[in-house]
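# Coordinate analysis (summary)
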Amino acid sequence: MKGAARPLMDVRPVVFTAALSLLAIMAARADDRAIISRWYSALLVADRTELADLLADDVRIKLDDLGVVQSKQEFIASLDEWKGAVAGAAIRHRIEKSEGGVTTVIACYDFPHNDMLMQETFAVSDDRITASSQAAIAENCEGY
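Summarised in this report is the structure supplied together with it. (Residues numbered from 1 in each chain as written. Predicted model: local features only at pLDDT ≥ 70, side-chain atom pairs only at ≥ 80, totals over all residues. Heavy atoms only, no water.)

## Focus: the sheet that holds strand S6 (residues 128–138)
Pairing in this open sheet of six strands is mixed, and the strands run S2-S1-S6-S5-S4-S3 from one edge to the other. What marks the edges here is a single partner per strand, and that holds for strand S2 (68–70) and strand S3 (90–99). Recorded for the sheet is a direction-independent mean angle of 20° between the axes of neighbouring strands. Bridge analysis of S3 against strand S4 (residues 102–110) gives nine bridges, and the strand direction is antiparallel. Within S4, the residue paired with Ile91 across the bridge is Tyr109. (Pairing = 2+ DSSP bridges. Helix = DSSP H or I, 4+ residues; strand = E, 2+ residues; numbered from the N terminus. Axes fitted to C-alpha atoms, helices over the stretch in contact; angles between N-to-C directions.)

The following block contains the structure:
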């Protein structure tokens, strides 16, 4: 028994659109990774100009352990104190996950006399950090 021939559908446009969408998502993740790398490089030397460029004007930076939420201006103003604290230090970081525009990072702050392991999250939009939170997860970096 012969049935009616089913018309062939050209799936190439659908596959092409899906591939472009995947490439756009991968590019956004790569951009977020680059922004986060720039963040830690600038943070290590307390580079006000670079940090100000990375932060959205309405950013909120939450320091969970201190119970503090800082605006962009408050964060930039705190860099004088931070510059002294970070002198001679190193910061190592690795991205744990990135989804929905939020990237979670594990960072080891190796200060001259102690170290601390932190979990930090970054929300990134339009190549700017729009929100950040930070919380200690260990008093040393052995788990890094």
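## Focus on the layout of surface pockets
Looking at the largest pocket, its volume works out to about 610 Å³. Taken together, 20 residues form the lining of the largest pocket, with Leu63, Leu66, Trp82, Met118 and Gln134 sitting closest to its centre. Sort the elements by how many residues they give to the lining of the largest pocket and helix H4 (residues 79–86) lands first, with four residues. Counted by class, the lining of the largest pocket contains 13 nonpolar, four polar and three charged residues. (1 Å grid on protein atoms, 1.4 Å probe; cavity = no way out; pocket = protein on both sides within 12 Å on 5 of 7 lines; lining within 4 Å. Points joined across faces, edges and corners; volume = space filled by probe spheres on them. Nonpolar A, V, L, I, M, F, W, Y, C, P; charged D, E, K, R; others polar.)

## Examining the state of the cysteines
Throughout the structure, instances matching the rule amount to one disulfide. The side chain of Cys108 participates in a disulfide bridge whose partner is Cys141; the two sulfur atoms lie 1.9 Å from each other. Across the disulfide from Cys108 to Cys141, rotation about the S-S bond amounts to roughly 105°, and the bridge is consequently right-handed. Within this pair, whereas Cys108 is found in strand S4, its partner Cys141 is found in the segment after S6, the two being separated by 33 residues in sequence. Neither Cys108 nor Cys141 differs from the other in exposure class; each is buried. (Disulfide = S-S within 2.5 Å. Buried < 20%, exposed > 50% of the residue type's maximum accessible area, 1.4 Å probe, protein only.)

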